[in-house]
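Reading the structure
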Amino acid sequence: MMPEDIAYAGVEELGKAYRRGTLSPVEVVETHLERISRLDGRLRAYITVTVEDAIRQAKQAEMELRRGKDRGPLHGIPFAVKDQLLTKGIRTTAGSLLLSNWIPDIDATPVSRLKNAGALLLGKLNMTEFGLGNPSQYPFGRPRNPWNTHHETGGSSGGSGSAPAAGMATVALGADTVGSVRVPAAYCGVVGLRPTWDLVSRYGTIPVAGPVDTIGPLARTVVDVSYALRAMTGDGFQDATAPRAAVPDYRAELEKDVRGIRAAIVRELFPRPGADPEVEYAVAQAIRVLESLGVSTQDVSIPLVNRAGAIYSAFGDSEAAVTHLPNLRRRAHDYGHVARVRLATGLLVPSFAARWADRAGRAAVKKQVLEAFTSCDILVTPTLPTAAPRIEEHALGYKSKADALNGFDLNRPYIVPFALAGVPALSLCCGFTKTGMPLSVQFAGKPYRDDLVLRIAHAYQCATEWHTRRPALG
Amino acid sequence: MSACFDPTWTKNALNELGVTLQTESEYKDVATRLGAIVERIRHLMNEIPDESETIIPICKTNP
């Protein structure tokens, strides 16, 4: 295989080559490290690359395979982790100068799960400061979109979208509070899954807003995402939210038929005034592909999608602010402007607004989302109304209250409702703009039907070739 | 309600919590964002119907 083909090979292709003896985990890790060394000065997907540790793990994986110790499908598969998840002995910054030299002594549970499954950690991925979203100042370098480095990766898990898109990791882990896996997945043209809220342990993760925080996998294919999700789920967590004891074999579930699945397009989000016509065309084509596969389609209304952004801000900013208060008191100057303003706002949100948003507001959105599922199995929307925008050095600060309100209304109706409802939601590429930027569709499912969301996404990828495109990175 | 979220009030409130921002414009940004959140939530409290069955709060599940 050519080096670029190795970098873009999926879990099953690598696994077959390992077990045939035509490729080794060391060769694969070295290929990825060479690529990171060559490309990441431009892309800034990584904050920390663990070169020596990755090679050491690869040698161990290779030796284990030779001795007949096979850990399963992820044995020898390179992965990378958003720098919001703790890694034992490896710097964990959460994208902030506050933690620029912090080395944890534990692995977050999703990290240890992938390591135990034999996956090989390449390093820690770039993100917006403490996962608080864009715009961000990126003290460790601004991540740039592999499809065009003048465009944004999206956030907060920007590096987690960029690394698999650029062939710099087979699987990446991100964290999605209200869109932080799905946004970079959409902008970078990869698959990103926000799982059901309590399906994956958050133990060892730096929180943003506990009631909605999730950890999810990103990769170029649904197959690879399904393997990562399986490894991260199941019993034995050190997590107060007590995830499920038994989970399906997500990979095996992908092969089930999709005929007869009932999909519903969310009326408020498609079509939608102001959305990019290229997005709407690509999503319309994706819906036709689903119909050709035997999926029935209808539309459904979720009127509160337009209010979800403000509801989240009222309780999410407050949640984050309480977490950060000790550091805000001592080291406010070490936060970037955007994070400092947002957290300071959270400190002052009146209790009636925060409590109402967390209880009544969130419950009302969740009720509408779950009611929508009474007539369908899957909800379909564009992931976002535009492709990745160009990077612009925005003037910091708000011009007016309307400017601040606009932040609640632009992208958030697409991504926040499913987070508030705690349901699984997945973004995958369904086309490209005329200028070559990825366009994406989102599928959301009922709680704990992550398998069905993955199945319909896999059927779509089997019927299309968008996921096989590679950015021209040289 | 949102009228009280001016930069001076914001600065005093944050200082009482022991938090000092970097510039005067940051207090203005906090006041603006705060006003936007509270205004939107106040509207939503009127827009989203109150579905409680009674004005007397009753705990229906074990805590």
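See the structure shown above.
Everything numeric in this text was worked out from a predicted model, so none of it was measured.

So, how was this worked out
Residues numbered from 1 in each chain as written. Chains lettered and ligands numbered in written order. Predicted model: local features only at pLDDT ≥ 70, side-chain atom pairs only at ≥ 80, totals over all residues. Heavy atoms only, no water. Helix = DSSP H or I, 4+ residues; strand = E, 2+ residues; numbered from the N terminus. Rg over C-alpha atoms; globule rule 2.2 N^0.38 Å. Buried < 20%, exposed > 50% of the residue type's maximum accessible area, 1.4 Å probe, protein only. Areas by Shrake-Rupley, 256 points an atom, 1.4 Å probe, with all protein chains shown as cover. Lys, Arg positive; Asp, Glu negative; His and termini not counted. Charge placed at Lys NZ, Arg CZ, Asp CG, Glu CD. Contact = heavy atoms within 4.5 Å. Buried area = accessible area lost by both parts, 1.4 Å probe. Salt bridge = Lys/Arg side-chain N within 4 Å of Asp/Glu carboxyl O. Polar contact = N/O pair within 3.5 Å; in protein donor to acceptor, adjacent residues only side chain to side chain. Axes fitted to C-alpha atoms, helices over the stretch in contact; angles between N-to-C directions. Parallel < 35°, antiparallel > 145°, perpendicular 65-115°, else oblique. Phe/Tyr/Trp six-rings, centres within 6.5 Å; stacked < 30°, edge-to-face > 60°. Lys NZ or Arg CZ within 6 Å of the ring centre and 35° of its normal. Core = buried A, V, L, I, M, F, W, Y, C linked by side-chain atoms within 4.5 Å. Pairing = 2+ DSSP bridges. Arc of directions from axis to C-beta. Left-handed = near helix turned anticlockwise from the far one by under 90°. Nonpolar A, V, L, I, M, F, W, Y, C, P; charged D, E, K, R; others polar.

**Details of the overall build of chain A**
Looking only at helices and strands, chain A has 16 helices and eleven strands in total. For a compact globule of 474 residues, the expected C-alpha radius of gyration is about 23 Å, and chain A comes in at 21 Å, within 12% of that figure. Once the C-alpha set of chain A is aligned to its principal axes, its extents read approximately 60 × 60 × 45 Å. When each of the 474 residues of chain A is scored for burial, the buried share is 66%. Just so you have it, chain A exposes about 16700 Å², and 51% of that area is on carbon and sulfur atoms. In chain A, 55 side chains carry a positive charge and 47 a negative one; their mean positions are 3 Å apart.

**As for the interface of chain B and chain A**
In many reports, interface size means the accessible area that the parts give up when they come together. Between chain B and chain A, the contact holds 33 residues from the first and 37 residues from the second. Approximately 3200 Å² of surface area, both sides summed, lies buried where chain B meets chain A, with 70% of it carried by carbon and sulfur atoms. Between the two partners, chain B and chain A, sit three salt bridges. Taken together, chain B and chain A are joined by six residue pairs in polar contact (both at pLDDT 80 or more). Those elements giving two or more residues to the side of chain B that touches chain A turn out to be helix H1 (7-16) and helix H2 (24-47) of chain B.

**Observations regarding the packing of helix H5 (residues 109-116) of chain A against helix H8 (residues 222-232) of chain A**
Residue and element names in this part refer to chain A. Their axes nearest at 8 Å, the elements H5 and H8 cross at an angle of 110°. On the basis of the axis angle, H5 is roughly perpendicular to H8. Residues Pro110, Arg113 and Leu114 of H5 pack against Ala228, Ala231 and Met232 of H8.

**Considerations on the packing of aromatic side chains**
Any aromatic ring pair is given by two values, namely how distant the centres are and how the planes are angled relative to each other. All names here are of chain A. Scanning the model with the defined rule gives five aromatic pairs over all chains in all. Arranged with centres 6.1 Å apart and planes meeting at 50°, the rings of Phe432 and Trp466 form a pair that is tilted. Here Phe432, found in strand S10 (residues 425-432), pairs with Trp466, found in the segment after helix H16 (450-463); they are 34 residues apart in sequence, far enough to count as distant. Looking at Phe432, the relative accessible area reads 12%, which means it is buried. Joined through ring pairs, the aromatic side chains of Trp147, Phe432 and Trp466 make up one cluster. Taking the ring centre of Phe315 as reference, the NZ or CZ of Arg362 above it sits at 5.4 Å.

**Some details on the nonpolar core**
Here is a general trend for soluble globular proteins: nonpolar side chains tend to be buried in one another's company. All names here are of chain A. Ranked by size, the top nonpolar core spans 184 residues in total, and within it Tyr46, Leu379 and Phe443 carry the most contacts. Considering every element that reaches this core, the biggest residue donor is helix H11 (residues 308-331), with ten residues. Those residues within four positions of Leu379 in sequence are excluded, and the remaining contacts are Ala264, Val266, Val300, Ile302, Val369, Ala372, Phe373, Phe418, Gln442, Phe443 and Ala444.

**Looking at the pairing of strand S6 (residues 214-219) of chain A**
All names here are of chain A. Counting buried residues in S6 gives six out of six residues, a clear majority hidden from the surface. Residues Thr214, Gly216 and Leu218 of S6 are buried on one face, and the alternating residues Ile215, Pro217 and Ala219, pointing to the opposite face, are buried as well. Note that strand S4 (residues 171-176) and S6 share six bridges and pair antiparallel. Pairing of Leu173 across the sheet is with Pro217, part of S6.

**A word on helix H14 (residues 401-409) of chain A**
The set of residues buried in H14 of chain A consists of Ala404, Leu405 and Phe408 of chain A. Angularly, the buried residues of H14 of chain A cover 95° about the axis, an arc narrow enough to put them on a single face. Where the residues of H14 of chain A are buried, they touch H11 and helix H15 (412-421) of chain A together with H2 of chain B.

**Considerations on the packing of H14 of chain A against H2 of chain B**
Running from N to C, H14 of chain A and H2 of chain B cross one another at 60°; their axes reach a closest spacing of 8 Å. Classified by the angle their axes make, H14 of chain A and H2 of chain B are oblique. Crossing handedness for the pair H14 of chain A and H2 of chain B: right-handed. Contacts from Lys401, Ala404, Leu405, Phe408 and Asp409 of chain A of H14 of chain A reach H2 of chain B at Thr32, Arg33, Gly35, Ala36, Ile37, Glu39 and Arg40 of chain B. Grouping the constituent residues of the contact of H14 of chain A with H2 of chain B by class yields five nonpolar, two polar and five charged.

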